[in-house]
Amino acid sequence: MGPPVETIVVAESQIPDEPTRDIILELKRRGIPQRYVPIQRLSIKIDSDGVYVETRRGPLRPDVVVIRGIGFLLDANTMIRRVTTLEILEGEGAVAINPVRSLLASRDKLKSLYILSRSKVPVPPTIVTEDLYYAYNAVKSLETVVIKPIQGSRGFGAMLFSDPDLAFQVMRTLLLTHNPLYVQKYVQKPNRDIRAIVVDGRVIGCMYRISNIWKTNIAQGARAEPCKPTPDLEDIAIRATRALGLVYSGVDIGETRDGYVVFEVNASPDWRGFKSSTGVNPAQYIVDYISNIKR
Ligand SMILES: Nc1ncnc2c1ncn2[C@@H]1O[C@H](COP(=O)(O)OP(=O)(O)O)[C@@H](O)[C@H]1O
Ligand SMILES: [Mg+2]
């Protein structure tokens, strides 16, 4: 049983970002045949001979598809096309990393919160609605709230409110522009959160993301410092990742007076800050996982 004969790496941009390049480099280093394909260039052909996933250069029969992204500003039709394309790849026998179902669950902040909560992973109190008056009442009772895009990342678009009427005006505008409301209680935390990277059921490292603003994303200017994972932290990060069915993840964790809470689980985490602060390259662990897949 040799290594997988073909791995494709998929994301939206023409030029792969740094974590994607890390994975490609590591695959190359181990002699695993690989190719980067922008998702826009993955086409499906269905005819009397069967089903093909192709590029202009012809059919692909990957054993593994590493999905680093499906796109950011997607309309519903393009989203359906891309998701179904990946489902077909998976259905025709490729091992998807991360699995398409899990990837979609993580991308959807409502679905992932539901799954985490059902798995007894602590999460902040949250309401998700299209009902402005329901949301307005919730803002009043939750006091300080964070309103986030239901699909979002890097802290873009997440807003903090303590004035319910300021929140009302923004929520009204969000609804008019077809954005359902995801309203979460703001939990008190130190000037940092913890990002843990989990691969194949293990925490390979974690970092503090330290900031003088409440959003501790590196993309919002937070500084990365290594942290030492405690057994409790490992437990929550591993349980959150397992609940969502992810092979690897980046788990965002807040330290509150009542213990840890999970803000979200990222299925395609950026790891530049993690790599430079911990010296750990997640790509090595992901490619270990790939090279152990039995064909
Ligand atoms: N409910 C909350 N209470 C306090 N801080 C929060 C809360 N939600 C998010 N944050 C802060 O904002 C950051 C970004 O939120 P997150 O849910 O991870 O969304 P994104 O997908 O934009 O990264 C978190 O890492 C955390 O520092
Ligand atoms: Mg986050």
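Being a predicted model, the structure only gives us computed values, none of them experimental. (Residues numbered from 1 in each chain as written. Chains lettered and ligands numbered in written order. Predicted model: local features only at pLDDT ≥ 70, side-chain atom pairs only at ≥ 80, totals over all residues. Heavy atoms only, no water.)

A.B. asks: With reference to specific residues and values, describe the nonpolar core.
C.D. replies: Leu42, Ile253 and Val262 are the most contacted members of the largest nonpolar core, which totals 44 residues. Examining the composition of this core, we find that six residues originate from one element, helix 7 (residues 231–244), more than from any other. Both domains that meet at this core, namely domain 1 (7–97) and domain 3 (188–288), each give it at least three residues. Aside from chain neighbours lying at most four places away, what touches Val262 is Leu116, Val121, Pro122, Val123, Pro124, Ile236, Ala240, Val251, Asp252 and Ile253. (Core = buried A, V, L, I, M, F, W, Y, C linked by side-chain atoms within 4.5 Å. Buried < 20%, exposed > 50% of the residue type's maximum accessible area, 1.4 Å probe, protein only. Helix = DSSP H or I, 4+ residues; strand = E, 2+ residues; numbered from the N terminus. Domains from an automatic or database assignment. Contact = heavy atoms within 4.5 Å.)

A.B. asks: A description of the domain arrangement of the chain should follow, citing residues and the corresponding values.
C.D. replies: For the chain, the assigned domains read domain 1 (7–97), domain 2 (126–185) and domain 3 (188–288). A separation of 25 Å is found between the C-alpha centroids of domain 2 and domain 3. Contacts between domain 2 and domain 3 engage eight residues on the former and eight residues on the latter. Roughly 700 Å² of surface becomes buried between domain 2 and domain 3 when both sides are summed, with 49% attributable to carbon and sulfur atoms. Its salt-bridge partner being Arg154, residue Asp270 comes within 3.5 Å of it at the nearest N-O pair. At the junction of domain 2 and domain 3, the tally comes to three residue pairs in polar contact (both at pLDDT 80 or more). Counting residues per element, the ones that place at least two in the side of domain 2 that touches domain 3 are strand 9 (145–148) and strand 10 (159–161). Per-class residue counts for the side of domain 2 that touches domain 3 are five nonpolar, one polar and two charged. (Buried area = accessible area lost by both parts, 1.4 Å probe. Salt bridge = Lys/Arg side-chain N within 4 Å of Asp/Glu carboxyl O. Polar contact = N/O pair within 3.5 Å; in protein donor to acceptor, adjacent residues only side chain to side chain. Nonpolar A, V, L, I, M, F, W, Y, C, P; charged D, E, K, R; others polar.)

A.B. asks: Tell me about the coordination of the magnesium ion (ligand 2), residues and numbers included.
C.D. replies: Taken together, the protein ligands of the magnesium ion (ligand 2) are Asp252 (OD) and Glu264 (OE), with distances of 1.9 to 2.0 Å. Of this pair, Asp252 sits in strand 15 (residues 248–256) while Glu264 is found in strand 16 (residues 259–266), placing the two residues twelve residues apart along the sequence. Exposure class is identical for Asp252 and Glu264. Each is buried. (Donors = N, O, S within 2.8 Å, 3.2 Å for Na, K, Ca; no water.)

A.B. asks: Got a sec to walk through the state of the cysteines? Specific residues and values, please.
C.D. replies: Evaluation of the coordinates by the stated rule reveals one disulfide. A sulfur-sulfur separation of 2.3 Å characterises the disulfide bridge that pairs Cys206 with Cys227. Disulfide Cys206-Cys227: torsion about the S-S bond near -105°, hence left-handed. Residue Cys206 is located in strand 13 (residues 202–210), and its partner Cys227 is located in strand 14 (residues 223–227); the two are separated by 21 residues in the primary sequence. What makes Cys227 buried here is its relative accessible area of 11%. (Disulfide = S-S within 2.5 Å.)

A.B. asks: Explain the site of ligand 1 to me, using residue names and the numbers behind them.
C.D. replies: What surrounds ligand 1 is a group of 22 residues, the closest being Lys109, Lys148, Gly155, Asp193 and Thr216. Here Gly152 contributes a backbone N or O atom positioned 3.2 Å from an oxygen atom of ligand 1. The contact in question runs from a nitrogen atom of ligand 1 to an N or O atom on the side chain of Lys189, over 3.0 Å. Starting from 550 Å² of accessible surface for ligand 1 in isolation, the protein chains cover 99%. (Near = heavy atom within 4 Å. Areas by Shrake-Rupley, 256 points an atom, 1.4 Å probe, with all protein chains shown as cover.)

A.B. asks: Explain the sheet that holds strand 14 to me, using residue names and the numbers behind them.
C.D. replies: Strand order in this open sheet of five strands is 14-13-12-15-16, and the pairing throughout is antiparallel. Two strands bound the open sheet, and with one partner strand each, they are strand 14 and strand 16. Pairwise comparison of adjacent strand axes, ignoring direction, gives a mean angle of 30° for this sheet. Taken together, the five bridges between strand 13 and strand 14 define a ladder with antiparallel strand orientation. Looking at the pairing, Met207 lines up with Pro226 of strand 14. (Pairing = 2+ DSSP bridges. Axes fitted to C-alpha atoms, helices over the stretch in contact; angles between N-to-C directions.)

A.B. asks: Quick rundown of the packing of aromatic side chains? Include the residues and the values.
C.D. replies: In this structure the tally under the stated criterion is four aromatic pairs. Taking the centre distance of 5.2 Å and the plane angle of 75° together, the rings of Tyr136 and Phe168 count as edge-to-face. Taken as a pair, Tyr136 in helix 5 (residues 132–142) and Phe168 in helix 6 (residues 164–176) lie far apart in primary sequence, 32 residues in all. Grouping aromatic residues by their ring pairs yields a cluster made of Tyr133, Tyr136 and Phe168. (Phe/Tyr/Trp six-rings, centres within 6.5 Å; stacked < 30°, edge-to-face > 60°.)

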